[in-house]
Amino acid sequence: MFSGDWCVLARHLQKEAQSQHNNSEFTEDQKKTIAKIATCLELRSAALQVYSRINACLWIWILIFFSPLSAVLKNILTYNKEFPFDVQPVPLRKILAPGEEEHLEFEEDDEEGGAGAGSPDSFPARVPGTLLPRLPSEPGMTLLTINIEKIGLKDAGQCIDPYITVSVKDLNGIDLTPVQDTPVALRKEDTYVHFNVDIEIQKHIEKLTKGAAIFFEFKHYKPKKRFTSTKCFAFMEMDEIKPGAIVIELYKKPTDFKRKKLQLLTKKPLYLHLHQTLHKE
């Protein structure tokens with residue numbers, strides 16, 4: 001499995017560990033074990049993203065080190081031994097379906113007023129997101145790397161654990177490539193949240209359907225409600241794919257993948273700052 005696959009599996013396990021319904025197949029103790037497995041899988045995903053680029057032997061070592069997890073998972077209904085690794089489950093955070101946050105009955109600014117006051121400018125180290133490597137090159141075909149430099153927000157300092165979800169959608173809002181999450185941002189500075197992370201678009205540009213667009217959803221954690229929410233979004237259409245720097249406007253949530261009812265987030269000169277690199281053989 002690739003690192004992104006482990007991250008997806010970890011999310012599914014986290015959702016099961018957080019489930020509150022009475023007809024769950026698992027006891028509370030089993031859910032705690034599942035949550036620990038999810039934590040290990042996220043750590044495994046992070047290690048694979050780093051070590052696989054450095055040394056193949058380290059990559060193999062990681063696989064061997066985590067092999068006891070499979071025994072726990074296979075026997076989860078009867079497993080009653082001590083967990084093989086000293087880890088704690090990640091904090092419970094409600095996972096929302098895309099667009100679900102639009103039904104909340106409060107305004108974001110009211111709910112978050114001053115919540116991030118006094119928070120540090122740099123974020124603690126976190127498990128990376130679900131970034132994918134560049135596709136193999138093909139003769140005559142173009143690949144796109146987008147560097148997400150920073151995003152401008154009036155309350156940038158109040159955003160907790162911010163990251164950006166990147167997706168490529170057709171005119172009907174259907175995914176054309178796998179969805180990717182950036183790692184948590186590097187730092188906050190004045191009215192900017194800095195990322196400086198490369199996104200490899202998972203399809204050759206020539207193969208994208210007419211009218212496709214690349215979406216960037218800025219998300220952050222809300223401690224009072226214990227879930228991660230979309231704050232705003234931006235998108236880039238196919239005619240904007242050009243090498244070099246570009247700034248794109250920010251829009252109010254919910255994310256409108258069909259681009260029919262767009263509302264600017266602010267009238268202030270605050271944007272998403274990107275840099276594009278095209279690769280063609």
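Before reading on, note that the structure itself is shown above.
All values reported here derive from a predicted model rather than from experimental measurement.

Focus on the packing of aromatic side chains
- The final tally for this structure, using the stated rule, is 6 aromatic pairs.
- Cluster of aromatic residues (ring-pair linked, three or more members): Phe215, Phe233, Phe235, Tyr251 and Phe257.
- For the cation-ring pair, Lys150 lies above Tyr192, with the distance from its terminal atom to the ring centre recorded as 4.2 Å.
- Against the face of Phe257 rests Lys169, its NZ or CZ located 4.2 Å from the ring centre.

Digging into unusual backbone geometry
- Residues Lys253 and Pro254 are joined by a peptide bond in cis, for which omega reads 0 degrees.
- Assignment of secondary structure puts Pro254 in the loop between β9 (251-252) and β10 (272-280).
- Despite not being glycine, Asn196 has its phi angle at roughly 50 degrees, a positive value.
- Using a relative accessible area of 53% as the deciding quantity, one classes Asn196 as exposed.
- A positive phi angle, close to 60 degrees, is found at Arg226, a residue other than glycine.

Regarding the side chain of Lys188
- Structurally, Lys188 can be placed in strand β4 (residues 187-189).
- Looking at Lys188, its side chain comes within polar contact range of the main-chain oxygen of Cys159, at 3.4 Å.

Regarding the sheet that holds β10
- Taken together, 5 strands build an open sheet; the order of strands is β4-β5-β1-β10-β8 and the sheet is antiparallel. Every other strand in the sheet has two partners, leaving β4 and β8 (244-248) as the edge strands with one partner each. If you compare each strand with its neighbour and ignore which way they point, the axes differ by 25 degrees on average.
- As paired strands, strand β1 (residues 142-152) and strand β5 (residues 192-200) are joined by 7 bridges and run antiparallel to one another. Note that in β5 the partner of Gly152 across the bridge is Tyr192.

Brief notes about the pairing of β10
- Sheet topology places β1 next to β10; 9 bridges connect them, and they run antiparallel. When the bridges of β10 are listed, Lys150 appears paired with His273.
- Pairing of β8 with β10 involves 5 bridges; the strand directions are antiparallel. Across the sheet, the residue bridging to Gly244 is Gln276, located in β10.

Conventions used here
Residues numbered from 1 in each chain as written. Predicted model: local features only at pLDDT ≥ 70, side-chain atom pairs only at ≥ 80, totals over all residues. Heavy atoms only, no water. Phe/Tyr/Trp six-rings, centres within 6.5 Å; stacked < 30°, edge-to-face > 60°. Lys NZ or Arg CZ within 6 Å of the ring centre and 35° of its normal. Helix = DSSP H or I, 4+ residues; strand = E, 2+ residues; numbered from the N terminus. Buried < 20%, exposed > 50% of the residue type's maximum accessible area, 1.4 Å probe, protein only. Polar contact = N/O pair within 3.5 Å; in protein donor to acceptor, adjacent residues only side chain to side chain. Pairing = 2+ DSSP bridges. Axes fitted to C-alpha atoms, helices over the stretch in contact; angles between N-to-C directions.

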